[in-house]
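Report on the structure
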Amino acid sequence: MPLLFIAAFLVLPLLRTLKEGGLSVGILAQPYFEKRLAWTLEQAALSALLALVIGGPLAYLLSRARVPGTALLLQLLLLPFVTPTLVAALGLLSLFGPRGLLHLDLSGTPTLLILGNLFFNLPLMIRLAYAGFLRVPPTLIGAARTLGASGWRSALTVALPLAWPGLAAGAVLVFLYSALSFGLPLLLGGEQYGTLEVEIYTLTAYDLRLNEASALILVQLFITFVATAVYVRLGATGGAGVATARTLPRPRGAAAALTYTLMGAVLLICFAPLVAVALGSVHGRSGVTAAFWTGLLSPDADPPLALMLGNTLRFAGLTLICAVLLGGLHAFAISLSRSKALDLLSLLPLMVSPVSLAVGYLLLYPALRASLGLLIAAYTLLASPLITRSLLPALRAIPERLNEAARTLGASPGRVWRTVTVPLIVPALRGGAALALSTVLGEFAATLVLARPEWATLSTGMYARLGRPGEQNLGEACALATLLMLLSLLAFSVLDGGKGEVT
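Since this is a predicted model, take the numbers as computed values, not measurements. (Residues numbered from 1 in each chain as written. Predicted model: local features only at pLDDT ≥ 70, side-chain atom pairs only at ≥ 80, totals over all residues. Heavy atoms only, no water.)

**Quick look at the overall build of the chain**
Test applied: Numbering goes from the N terminus for both helices and strands, where a helix is a DSSP run of H or I of at least four residues and a strand is a run of E of at least two. Atoms counted for the radius of gyration: C-alpha only. Globule rule: 2.2 Å times the number of residues to the power 0.38. The contact criterion used is simple: two residues touch if any of their non-hydrogen atoms lie within 4.5 Å. With residues, only the protein chains shown are counted as cover, and all accessible areas are computed by Shrake-Rupley using a 1.4 Å probe. Positive residues here are Lys and Arg, negative ones are Asp and Glu, while His and the chain termini are left out of the count. Charged groups are reduced to one reference atom each: NZ for lysine, CZ for arginine, CG for aspartic acid, CD for glutamic acid.
Looking only at helices and strands, one finds 22 helices and two strands in the chain. Against the 2.2 N^0.38 benchmark of 23 Å for 503 residues, the chain shows a C-alpha radius of gyration of 23 Å, consistent with a compact globule. Projected onto its principal axes, the C-alpha positions of the chain cover 65 × 60 × 50 Å. Within the chain, contacts between residues at least 6 apart in sequence are counted, and of these 83% link residues at least 24 apart. Carbon and sulfur atoms provide 68% of the accessible area of the chain, an area that totals close to 22200 Å². Between the averaged position of the 32 positive side-chain charges in the chain and that of its 20 negative side-chain charges there is a distance of 16 Å.

Here you go:
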């Protein structure tokens, strides 16, 4: 069933889009598209480099010293990853926009887009690098120090080479997610700093130039496959060992100063936009106000809050049911077959442009256009890999001897499943469900292309208000963004207790 679903809603729509437009790769020689492609790669590479430079050293320092608040920081870093794109864009504009809280107008510059990429991807970089450094055997670093190497030299010559697969994999993911980003460049990049993803949306939704859009989609697919192959290869390389419990010293001197400086920078990049959004929902030019929230509740609100909230929760609930079913089956299939091809297929939906897929749906399934089933299928394709990636490590960690022991004691296969397997995978399933639900709650790209006007969600309602002038619309957009953040936090609190893992 998962393979049929991926074929129907991932492979065939992309092939249909390419067939409709033809492979007019000659347009890539046009200076306009050359510039778009160059900027897409440039901003993605710069974002990956900055995430590596900031996140790598911080991850190493946190893995080598007992820093108060490390566990809390690592948990909180999950919040930006599941924050809706529009919330992040609105937060950055609230800080660095024309009337931003910091009185530093960066609108119309590439800096704002780079900061947005870091907001989303720096947490991912830190968590992957931290896991990589934890697997470095402390005895190797201790031996280097015994032989006279300084702390920095042992880090560069011993820890870094051993943890490099984790760091490089994180950098590849940051590059890929930045290259395929849609909402951030749409809102923050403007006409000058739009990426290929924004160009594809413009060519298909407004200009109906499908041949040019299909050429750009082909380029994106090439970038995706190359990056995915590199990521999988790095994952197969593995780390230096397994993480072990150990007693760590407190940081001192220059190491302590660098640790707290980097932690401060990460907190500012990843959480200041969220604080700015929350403040913007209750603070206007005349001071503290409730006008933005009451405006959302007004009978004249367009679209009404009840409609947006109801649609968001309804779509997310339906998607969660489908994603748990498909993602769970995919994880069990990979675990039982130990197939690397199935493993790779589970990653692809995370790395393909939602806008490209949505365009393919409209071309391949015209009879289903503006149908709820097509929208839920698009959501499920984005959410089910998060279930699969969360369940897979838990399934692989179950010792086979446990099942054998249960069968030896007379338990039937069904009873072994209920009493051994299910209890061991439930925590991972709850974490994956929380991630999937948070992702769908704020989904924007596919919704913008596939949804009907009466299916307005919180994210599309926010986008509509950002396109209107006036302080009231901006404040209501901040209020909707705050509501989305609260829903994401609620999803993690209810489903996972805030302990979700991104793998």
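**Let's talk about empty space enclosed by the protein**
Definition in use: A cavity here means a set of points on a 1 Å grid, drawn over the protein atoms and nothing else, where a 1.4 Å probe fits but cannot get out; a pocket is an open set with protein on both sides within 12 Å along at least five of seven lines, and a residue lines either one if it has an atom within 4 Å of a point. Grid points are joined across faces, edges and corners, and a volume is the space filled by probe spheres set on the points. Each residue is assigned to one class: nonpolar for Ala, Val, Leu, Ile, Met, Phe, Trp, Tyr, Cys and Pro, charged for Asp, Glu, Lys and Arg, and polar for all the others, Gly among them.
The full count for this structure, using the stated rule, is five cavities of 30 Å³ or more. Around the second largest cavity sit 13 residues that line it, and P2, I6, H330, S384 and P385 are the ones nearest its centre. Those elements that provide at least two residues to the lining of the second largest cavity are α1 (2–21), α14 (305–337), α15 (340–347) and α17 (372–397). The element that contributes the greatest number of residues to the lining of the second largest cavity is α17, accounting for four residues. Class assignment for the residues of the lining of the second largest cavity results in eight nonpolar, five polar and no charged.

**Considerations on the layout of surface pockets**
Size it by volume and the second largest pocket reaches roughly 770 Å³. As for the second largest pocket, its lining consists of 33 residues, of which L93, S94, R99, G100 and L474 are closest to the centre. For the lining of the second largest pocket, the secondary-structure elements that each account for two or more residues are α5 (85–96), α9 (183–189), α12 (253–280), β1 (283–284), α21 (458–466) and α22 (471–495). Classifying every residue of the lining of the second largest pocket by side-chain character gives 14 nonpolar, 14 polar and five charged.

**So, the pattern of salt bridges**
Worth spelling out the cut-off: One speaks of a salt bridge when a side-chain nitrogen belonging to Lys or Arg is within 4 Å of a carboxyl oxygen belonging to Asp or Glu. Any residue under 20% of the maximum accessible area for its type is buried, any over 50% is exposed, and the rest in between are partly exposed; the area is computed with a 1.4 Å probe on protein chains only.
Within this structure, the stated rule accounts for three salt bridges. E199 is the partner of R36 in a salt bridge, and the nearest nitrogen-oxygen pair spans 3.0 Å. One end of the pair, R36, is in helix α2 (residues 31–64); the other, E199, is in helix α10 (residues 196–205), and 163 residues separate them in sequence. Per residue, the accessibility class of R36 equals that of E199, and both read buried.

**Quick look at the side chain of T259**
The residue T259 is located in helix α12 in this model. Discounting residues that sit within four places of it in the chain, T259 has contacts with L58, L61, L62 and V67.

**Notes on unusual backbone geometry**
Cis geometry is found at the peptide bond from D302 to P303, where omega equals -5°. With respect to the helices and strands, the residue P303 is situated in the loop between α13 (291–297) and α14. In this model, H103 sits at a positive phi of 55°, which is unusual for a non-glycine residue. If you trace the backbone, H103 turns up in the loop between α5 and α6 (110–134). Given a relative accessible area of 74%, H103 falls into the exposed group.

**Quick notes on α12**
Our working definition: Multiplying 1.5 Å by the helix residue count minus one yields the expected span of that helix. Bend is computed residue by residue as the angle between axes fitted to the seven residues ending at the residue and the seven residues starting at it.
With 28 residues, α12 should reach 40 Å at 1.5 Å per residue; the first-to-last C-alpha distance of 39 Å fits that figure. A bend of about 45° at F271 is the largest found in α12, and the proline P273 appears one to four places after it.

**As for the packing of aromatic side chains**
Cut-off, in case you're wondering: Only Phe, Tyr and Trp rings take part, Trp by its six-membered ring, and two of them pair if their centres are within 6.5 Å. Stacked means planes under 30 degrees apart, edge-to-face means over 60, and tilted covers everything else.
Following the criterion strictly, the structure yields nine aromatic pairs and no others. On the basis of an interplanar angle of 70° and a centroid distance of 5.2 Å, the ring pair of F182 and Y201 is categorised as edge-to-face. With F182 in the loop between α8 (151–179) and α9 and Y201 in helix α10, the pair connects residues that are 19 residues apart, well separated along the chain. By the burial criterion, F182 is buried, and Y201 matches it. By way of ring pairs, the aromatic residues F5, F9 and Y365 are connected into one cluster.

**What to know about a nonpolar patch on the surface**
Heads up, the condition is: Patches were defined on residues exceeding 30% relative accessible area and lacking a salt bridge, with like-charge contacts within 9 Å and nonpolar side-chain contacts (Val, Leu, Ile, Met, Phe, Trp, Tyr) within 5 Å.
Together, L101, L102, L104, V275 and L279 make up an exposed nonpolar region whose accessible area comes to about 460 Å². Looking at the secondary structure, you find L104 in the loop between α5 and α6.

**Remarks on the environment of L248**
Note on placement: L248 falls in the loop between α11 (210–237) and α12. Looking at L248, the relative accessible area reads 22%, which means it is partly exposed. As for L248 and V355, which are separated by 107 residues in sequence, their C-alpha atoms are 46 Å apart. Filtering out sequence-adjacent residues up to four positions away, L248 remains in contact with S63, R64, A65 and R66.

These results come straight from atomic positions and should not be treated as a statement about function.
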